[in-house]
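Geometric and topological summary
In case you want the letters, here they are:
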Amino acid sequence: MKLFPMLRLVPDKTDIKFMKGRVIGLVVSAVLSVLSVGLFFWPGMNYGIDFKGGIVMEVRAPGEADFGRLRAVLAQQNVGTVGLQQFGAPSDVLIRLERQPGDDAAQQRAVERVRGALTEAVPGLQVRRVEAVGASVSQELFVNGMTALALSFVAMLIYIWFRFEWQFGVGAVVTLLLDTTKMIGFYVVFNFQFNLVAIAALLTVMGYSINDKVVVYDRVRENLRKYKSESLRDLIDRSINETLSRTLGTSVASLLATLPLALFGGEALEEFAWAMVFGIFLATSSSIFIAAPILLFLGEDKLRRGPPPGKTEAGKTEADPQTATAP
C-alpha cells in the first residue's frame, strides 16, 4: 500500500504523445533563443564588478544597518551605480561601486570620499575592507568564466558521445546551447548582474539539465533493445512516459529547496536562486520538448526504422505515426 497517494505528481502509467508537439516545441525554443541572443547585443548584459571592474567596500554599522540612510548618503557622492547587500550579521553591508572614470588615483579618491561621507553620516561605522577590481583583472575573470562554460560543453559532449550513440550527444549539447541562450535572455530581461555568481548558476543549471537528459536518453537506449519492432517516435514517447514521474519528482524537490532561497534568501542569494528556479523549469521542459525531438529527427533513419506505414507491431492497420500532424 502506497503512502500519501494524493502527493503523487503523475500516475504510475501514462500514455502522453509528447512527440506530436515536437515541431511546436522546437520552433518555440528556437524563437526564444534567437530573441535571447538579440537581447544579449541590445540592450546587453548588466555586467557586475567581476567583469567590468569596480570597487567593493565591506562596512559594519554600530547597530542594524539602515539601508535607506546608506543609499541616501551614497547617492550624494556622484559615484554612479551603487549596490548594497547585507551579508552575515544585520550590521554587515557590502557596498559595490562601479569603476570610476580615470586611473587608480581616481578610484582611491572615490573610496576616500565615500568612506568620509559614510563615517560622518553613521557615527561608529567601520570600513573593514576595500577591494578594487581593475580592468585587466575583470577581463581575465570574464575570459576564465567563458572558458569554464566552453570546457563544460565539450566535456558533456564527450561524455554523452561515449556513453551513447552520436545522435544522443548532439541532441544533448544542442539542447544545452538553447538552454544557455535562454538563461542569458533571462538575465537581460530581469536586469540581473552577470558576474562570477551568474557563471556558477549557469554551470549548475547545465549540470542539472544534462543529468535530466541522461535519464531520458538512458531509458530510450534500454527500450531500443527491449522493443525491437517499435518505431523510434513511439519508443521515445514510451521512454518519456516511463521516466516522467522521476523527472517531475526531481524537479519539484529541487524547486522546493531553491524557491525559499529566492523568496527569503535576501539580496545576497536572490539573483542566484531565481536563476536556479528558472533553470530547473527550463531543464525539465527541454528534456521532453527539445532534446527528445532532436533525437527523433537525428536518429529516425539510423537508430531505428519504424514499421511499414499503415501497420502496427501486431500487423493491425492504423494511421502512420510518422506522418501524423503535430497539433
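Residues numbered from 1 in each chain as written. Predicted model: local features only at pLDDT ≥ 70, side-chain atom pairs only at ≥ 80, totals over all residues. Heavy atoms only, no water.

We now examine unusual backbone geometry. Cis geometry marks the peptide bond from Trp42 to Pro43, where omega comes out at 5°. Phi is positive for Asn78, close to 55°, though the residue is something other than glycine. Positive phi values are uncommon outside glycine, yet Asn191 reaches one of about 55°. Considering the arrangement of structural elements, one finds Asn191 in the loop between helix 6 (166–189) and strand 6 (193–194). (Helix = DSSP H or I, 4+ residues; strand = E, 2+ residues; numbered from the N terminus.)

A separate point is helix 8 (residues 232–264). End to end, helix 8 covers 45 Å across 33 residues, agreeing with the expected 48 Å (1.5 Å per residue, within 8%). The sharpest bend along helix 8 reaches about 50° and sits at Thr243. The positive-phi residue at the C-terminal boundary of helix 8 is Gly266, with phi of around 80°. (Expected span 1.5 Å × (residues − 1). Bend = angle between axes of the 7 residues up to and from the residue.)

The strand order across the open sheet formed by four strands is 3-4-2-5, and the pairing between neighbours is antiparallel. This sheet does not close on itself; its edge strands, each paired only once, are strand 3 (82–86) and strand 5 (126–133). Sheet twist, expressed as the average angle between the axes of neighbouring strands with direction ignored, equals 15°. Here five bridges tie strand 3 to strand 4 (residues 92–98), and the two strands are oriented antiparallel to one another. Residue pairing in the sheet places Val82 in a bridge with Leu97 of strand 4. (Pairing = 2+ DSSP bridges. Axes fitted to C-alpha atoms, helices over the stretch in contact; angles between N-to-C directions.)

Looking now at the side chain of Arg221. By secondary structure assignment, the location of Arg221 is in helix 7 (residues 196–226). Within polar-contact distance, the side chain of Arg221 engages the side chain of Asp218 at 2.7 Å. With residues up to four places along the chain from it excluded, the contact list for Arg221 reads Arg163 and Phe164. (Polar contact = N/O pair within 3.5 Å; in protein donor to acceptor, adjacent residues only side chain to side chain. Contact = heavy atoms within 4.5 Å.)

In an α-helix there are 3.6 residues to a turn, and that puts residues three or four apart on one side. Helix length check: helix 7 (31 residues) gives 45 Å between terminal C-alpha atoms against 45 Å at 1.5 Å per residue, within 8%. One side-chain oxygen at the N-terminal end of helix 7 lies 3.1 Å from the backbone nitrogen of Val197; it belongs to Asn195.

Next up on the list: the confidence of the model for the protein. Residue-level pLDDT values for the protein average 83, and 88% of them are 70 or greater. Of all helices and strands in the protein, the one with the weakest mean pLDDT is helix 2 (residues 49–52) (78), whereas helix 1 (residues 22–44) scores best (93). (pLDDT = per-residue confidence, 0-100.)

Most of strand 2 (residues 54–60) is tucked away, with six of its seven residues classed as buried. Judged from the seven bridges that link them, strand 2 and strand 4 form a sheet pairing that is antiparallel. Each bridged residue has a counterpart across the sheet, and for Val56 the counterpart in strand 4 is Arg96. Two elements, strand 2 and strand 5, share seven bridges in a ladder whose sense is antiparallel. (Buried < 20%, exposed > 50% of the residue type's maximum accessible area, 1.4 Å probe, protein only.)

Once that is clear, we can look at the nonpolar core. Generally speaking, soluble globular proteins have nonpolar side chains that are buried together. Residues Phe168, Tyr187, Phe194, Val220, Ile236 and Ile240 are the most contacted members of the largest nonpolar core, which totals 47 residues. At the level of secondary structure, the elements contributing two or more residues to this core comprise helix 5 (135–163), helix 6, helix 7, helix 8 and helix 9 (270–299). Considering each element in turn, this core owes the most residues, twelve residues, to helix 7. Apart from the residues within four sequence positions on either side, Phe194 is in contact with Met45, Asn46, Tyr47, Gly48, Phe51, Met146, Ile184, Tyr187, Ile199 and Leu202. With 21 residues, the next largest nonpolar core counts Ala65, Val79, Ile95 and Val127 among its residues. (Core = buried A, V, L, I, M, F, W, Y, C linked by side-chain atoms within 4.5 Å.)

With that settled, consider the packing of aromatic side chains. Taken as a whole, this structure holds 16 aromatic pairs when the rule is applied. Judged by centre distance (6.3 Å) and plane angle (75°), the rings of Phe164 and Tyr217 are edge-to-face. Linking Phe164 in the loop between helix 5 and helix 6 with Tyr217 in helix 7, this pair joins segments that are 53 residues apart in sequence. Just as Phe164 is buried, Tyr217 falls in that class too. Where Phe186 meets Phe192, the ring centres are 5.6 Å apart and the plane angle is 80°; that geometry is what we call edge-to-face. (Phe/Tyr/Trp six-rings, centres within 6.5 Å; stacked < 30°, edge-to-face > 60°.)

Turning our attention to the pattern of salt bridges. What the rule picks out here adds up to twelve salt bridges. In this structure, Glu58 and Arg128 form a salt bridge, with 4.0 Å as the shortest nitrogen-oxygen distance. Residue Glu58 is found in strand 2, and its partner Arg128 is found in strand 5; the two are separated by 70 residues along the sequence. Judged by its relative accessible area of 14%, Glu58 is buried. A residue is classified by how much of its surface remains accessible, and Arg128, at 44% relative accessible area, is partly exposed. Note that Arg221 and Asp218 form a salt bridge whose closest N and O atoms lie 2.7 Å from each other. (Salt bridge = Lys/Arg side-chain N within 4 Å of Asp/Glu carboxyl O.)

Once that is clear, we can look at the packing of helix 1 against helix 9. Direction vectors running N to C along helix 1 and helix 9 enclose 115°, while the axes themselves pass 9 Å from each other. For the pair helix 1 and helix 9, the crossing hand works out as left-handed. Residues Arg22, Gly25, Leu26 and Ser29 of helix 1 lie in contact with helix 9, whose contacting residues are Phe289, Ile290, Pro293, Ile294, Leu296 and Phe297. Taken together, the residues of the contact of helix 1 with helix 9 sort by class into seven nonpolar, two polar and one charged. (Left-handed = near helix turned anticlockwise from the far one by under 90°. Nonpolar A, V, L, I, M, F, W, Y, C, P; charged D, E, K, R; others polar.)

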